[in-house]
Amino acid sequence: MSGILNSSIGRKFAMALSALFLMVFLLQHFSINILSVLAPETFNVVSHFMGTFWVIQYLLQPVLIIGVIFHFVMGFVLEIRNNKARQISYAKNNGGANSTWMSRNMIWSGLSILAFICLHFYDFWFPEINTKFIVGDMSGLIDPNNAESGYRYYEELQHKFVDAWRVVLYVISFVFLALHLLHGFNSAFQSVGANNKYTKGLKGFSKIYAIGIPLGFVFIALFHFFNQAH
Amino acid sequence: MDLKLKIWRQKNANDKGKMVDYPISNVSPDMSFLEMLDVLNNELIEKGEAPVSFDHDCREGICGSCSLYINGEAHGPDRLITTCQLHMRTFKDGETITIEPWRAKAFPVIKDLVVDRTAFDRIQHAGGFISVNTSGNTIDANAIPINKADADNAFMAATCIGCGACVASCKNSSAMLFVGAKVSQFALLPQGQVEATDRVLNMVKQMDEEGFGNCTNTGACEVECPKGISLENIARMNREYLSASLKG
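Predicted, not measured: the structure shown is a model, and the values here were computed from it. Per chain, the residues get numbers from 1 upward, laid out in the order the sequence is written. The naming scheme follows written order: chains are lettered A onward, ligands numbered 1 onward. The predicted origin of the model limits local features to residues at a pLDDT of at least 70 and limits the giving and counting of side-chain atom pairs to 80 or more, whereas totals for whole chains, interfaces and linings rest on all residues.

1. Brief notes about the overall build of chain B
Reasoning step 1: Across its full length, chain B carries 8 helices and 7 strands.
Reasoning step 2: C-alpha atoms of chain B, sized along the principal axes, occupy 60 × 40 × 35 Å.
Reasoning step 3: Counting other C-beta atoms within 10 Å of its own, a residue is labelled buried from 20 upward, exposed at 12 or fewer, and partly exposed in the gap between, with every C-beta atom placed from the backbone. When each of the 248 residues of chain B is scored for burial, the buried share is 47%.
Reasoning step 4: Here, residue contact means that the backbone-derived C-beta atoms of the two residues sit within 7 Å. Pairs at least 24 residues apart make up 70% of the contacts formed inside chain B by residues separated by at least 6 positions. Strands here mean DSSP runs of E at least two residues long; helices mean DSSP runs of H or I at least four residues long; both are numbered from the N terminus.

Printed below as a string of structure tokens:
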């Protein structure tokens, strides 16, 4: 058991588990974000809960960050090891004849998602941490001294989607997310050994998830861009 | 048919090697790919040049020797065949055909298109067997009842000829389809249960030591495998390995 992470299968298993965890998180993130379109008041209440409930803030958030970092670091480790396994490239290689573009370029779609996460943290996470833990405002209110001012989350979200360039960057990132998921979803199940009579159905569901979730995020970004004065 | 061949030439394991162009004329569409190379080699010998070295043996798709990477695919563009079963009618008159050896750190080139695949043998030695008393008291395998589906899947896994096309096709040079098949053919049968734990742990350990890459589930191996070995065998190996690791 101790040496499992030193083996190729063990590393792939760990990579798959972190991927499955992140896919569950992505679904949860989308479920909350879509509330900003369907019910802004509920979005505010849920966002405040997520941002202040100690179990989420001090227990689940660190686990999520560790999961994200682990997934990226392990992705790079596997890529480096795999490149070492073929030191001389083919003069002619027809990869498209036997595998999908997505499966052969997970490192590039992954790097695009990493760049997006940096932008996303700059846009939302760092300002949130600053407000709560450096400024010390845990109220979640637009005006911390005025309880009638209402929660700030929906307003902050809309403010981020004023600039067209940011919306374009988000949309491009979600396209790369879809490409990453189109291979990653099924790949994670294969890596944990789940290739059985349910695989065909799972492949169908994976396409719905891999296209549906990023498309939903694109819709949310475009909705907020077009539903405010520029 | 007139063709332009671009072939990897490498004098020995230490030589740097390079692609060399060879025009060839009057190729019959009914020739196998290896027969076409035989014709080329006769021409080279007549001109006093060194013939192109390539592996071949049975020439009927069973031995798995003919390991050639043709126009960017293991065993060429056709499916479920080895190179010896590939015919020149697959190509167009005037076409340029690129012929390379398997490329993998674990399969070093010996000469020209010949690679050293003994890494597969060492993986087999590490656990790809069952211990049976053959001193005269051997129990007839057919005396043990086996579920039909398991027997079929074990037999399908056992059709792996160890040609290495999976490694050659994989962008990571992973050997997991080969090892998955060799683990599966025993894991599915009662005779394979006694050594199941050690088998998968030892074979995977040897596979990693040989320098093969990690599987990233592109599925290229399954598509290019001349025997149609399924990715299910890799998933089964993963389950066997994780289960064995927990026991160990």
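2. Here we look at the overall build of chain A
Reasoning step 1: Of the regular secondary structure elements, chain A holds 9 helices and 0 strands.
Reasoning step 2: In terms of overall dimensions, chain A has a C-alpha envelope of 65 × 40 × 35 Å along the principal axes.
Reasoning step 3: Going through the 230 residues of chain A one by one, you find that 27% of them count as buried.
Reasoning step 4: For chain A, the proportion of contacts with a sequence separation of at least 24, taken over those separated by at least 6, is 74%.

3. Let's talk about the interface of chain B and chain A
Reasoning step 1: Taken together, the 38 residues of chain B in the interface contact 36 residues of chain A.
Reasoning step 2: Looking at the side of chain B that touches chain A, the elements that each hand over two or more residues are β5 (96-100), α6 (196-209), α7 (220-224) and α8 (232-247) of chain B.
Reasoning step 3: No other element matches the 8 residues that α8 of chain B contributes to the side of chain B that touches chain A.
Reasoning step 4: Residues are sorted three ways: Asp, Glu, Lys and Arg are charged, Ala, Val, Leu, Ile, Met, Phe, Trp, Tyr, Cys and Pro are nonpolar, and all the rest, Gly among them, are polar. Here the residues of the side of chain B that touches chain A sort into 13 nonpolar, 16 polar and 9 charged.

4. Details of the nonpolar core
Nonpolar side chains tend to gather and get buried jointly when the protein is soluble and globular.
Reasoning step 1: We define the nonpolar core as any set of buried residues of the types Ala, Val, Leu, Ile, Met, Phe, Trp, Tyr and Cys, connected via C-beta atoms lying within 7 Å of each other. Cys166, Val167, Leu177 and Val179 of chain B are the most contacted members of the largest nonpolar core, which has 96 residues in total.
Reasoning step 2: Ranked by residues supplied to this core, first place goes to helix α8 (residues 164-191) of chain A with 11 residues.
Reasoning step 3: Of the residues that make up this core, three or more belong to each of domain 1 (3-111) and domain 2 (118-247) of chain B. Where each domain begins and ends follows an automated or database-derived domain assignment.

5. Here we look at the domain arrangement of chain B
Residue and element names in this part refer to chain B.
Reasoning step 1: The domain architecture assigned to chain B consists of domain 1 (3-111) and domain 2 (118-247).
Reasoning step 2: Computed over C-alpha atoms only, the centres of domain 1 and domain 2 are separated by 29 Å.
Reasoning step 3: Each side of the interface is counted separately: domain 1 has 18 residues, and domain 2 has 16 residues.
Reasoning step 4: Along the lines of polarity and charge, the residues of the side of domain 1 that touches domain 2 split into 10 nonpolar, 5 polar and 3 charged.

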